[in-house]
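# Coordinate analysis (summary)
Listed below are the residues making up each chain.
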Amino acid sequence: MPNQAREQALAEIAFCEAILAKGGLSVLSETLAGVTDIDAFAHYPAGDVFDPASNAQWYYHCHPATEVSDEHGHFHCFLRPDGSDGPIHHLVAIGLDARGRLLRLFTVNQWVVGDDWVDAATAIPLLSRFDMQMPRPSYLVNRWLTAILVAYEPEIIALLHARDCALSAHGTDARQDRSLEVLSEFRPGSCATAQV
């Protein structure tokens with residue numbers, strides 16, 4: 001059954017990308033529709049996207065451009081188990097290239113997103129609850145994000161464990177250590193999960 005869910009999610013990803021491509025669009029262009037000037041670190045869309053049925057939340061942002069990076073920006077995906085006023089837990093970040101193609105999945109340190117920290121054992125059951133069924137800002141982008149978390153669930157689980165191992169190796173104040181930003185990453189097409 002897990003393989004069937006993965007195959008269905010991969011088909012969903014391809015479907016969303018194909019429908020967008022018919023209109024000359026991508027996940028990235030659809031996410032930034034109507035934006036004329038992209039500000040580094042700003043959240044797109046403003047105010048984030050929150051699904052009150054699943055308590056899933058996301059935003060997209062980018063960092064200042066560098067010549068060495070092939071990443072345009074990334075989605076940060078969260079879950080708020082107790083609703084919009086409750087704690088917020090970062091699940092994974094999804095990096096895109098300038099054409100809106102999936103580049104990498106990665107985890108970040110707590111100081112990066114300022115979430116309510118939970119360890120991998122607590123975060124992993126939240127992955128299946130990330131189900132973004134909202135019409136705005138783009139139903140296809142929301143479906144695509146949901147499918148990414150399903151299709152790459154085993155890799156995200158490995159990333160969360162690697163994140164915790166990286167923090168354990170750096171001592172008690174590691175979650176606020178500004179020298180530790182990306183703690184683990186996975187690039188589809190590679191078979192290794194990197195750990196800082």
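Residues numbered from 1 in each chain as written. Predicted model: local features only at pLDDT ≥ 70, side-chain atom pairs only at ≥ 80, totals over all residues. Heavy atoms only, no water.

### Observations concerning helix α6 (residues 153-169)
With 17 residues, α6 ought to run about 24 Å at 1.5 Å a step, and its terminal C-alpha atoms sit 24 Å apart, in line with that. Here α6 has its buried residues at E155, I156, L159, L160, A162, R163, D164, A166 and L167. Looking one or two places after α6, you find G171, whose phi comes out positive at around 90°. (Helix = DSSP H or I, 4+ residues; strand = E, 2+ residues; numbered from the N terminus. Expected span 1.5 Å × (residues − 1). Buried < 20%, exposed > 50% of the residue type's maximum accessible area, 1.4 Å probe, protein only.)

### Some thoughts on the nonpolar core
Looking at soluble globular proteins, one finds that nonpolar side chains tend to be buried together. Formed by 41 residues in total, the largest nonpolar core has its most connected members in F75, I94, L105, W144, L145 and L149. At 8 residues, the largest contribution of residues to this core is made by helix α5 (residues 139-151). Those residues within four positions of W144 in sequence are excluded, and the remaining contacts are I13, C16, E17, V27, F75, I94, L96 and L102. Listed in part, the 7 residues of the second largest apolar core include Y59, F78, A93 and V108. (Core = buried A, V, L, I, M, F, W, Y, C linked by side-chain atoms within 4.5 Å. Contact = heavy atoms within 4.5 Å.)

### Regarding the side chain of S26
Along the polypeptide, S26 turns up in the loop between α1 (2-22) and α2 (27-31). Discounting chain neighbours no more than four positions away, the residues touching S26 are L20, R99 and G100.

### Details of the pairing of strand β6 (residues 182-186)
When a strand is regular, its side chains alternate between the sheet's two faces. Counted residue by residue, β6 has 4 buried out of 5 residues, so it is predominantly covered. Here strand β5 (residues 102-108) pairs with β6 via 4 bridges, running antiparallel. Bridge pairing links V108 to V182 in β6. (Pairing = 2+ DSSP bridges.)

### Observations regarding the pairing of strand β3 (residues 73-79)
With respect to burial, β3 is a largely interior element, 7 of its 7 residues being buried. As defined by bridge partners, β3 adjoins strand β4 (residues 89-96) across 7 bridges and the pair is classed as antiparallel. Residue G73 lies in a different strand from β4, and its bridge partner there is L96.

### A few points about the side chain of H89
Within the secondary structure, H89 is located in strand β4. Engagement of the side chain of H89 in a polar contact is seen with the backbone oxygen of D116, the distance being 2.5 Å. What H89 contacts, discounting residues up to four positions off in sequence, is C77, F78, L79, P81, D115, D116, V118 and L126. (Polar contact = N/O pair within 3.5 Å; in protein donor to acceptor, adjacent residues only side chain to side chain.)

### Describing unusual backbone geometry
Geometrically, the link from Y44 to P45 is a cis peptide bond, its omega value of -5° lying close to zero. With respect to the helices and strands, P45 occurs in strand β1 (residues 44-51). A cis geometry characterises the amide bond from R136 onward to P137, with omega recorded as -5°. Here P137 shows up in the loop between α4 (120-127) and α5. Even without glycine at this site, D48 takes up a positive phi of about 65°. Inspection of the secondary structure puts D48 in strand β1. Look at N55: it is not a glycine, yet its phi comes out positive at around 65°. What makes N55 buried here is its relative accessible area of 11%.

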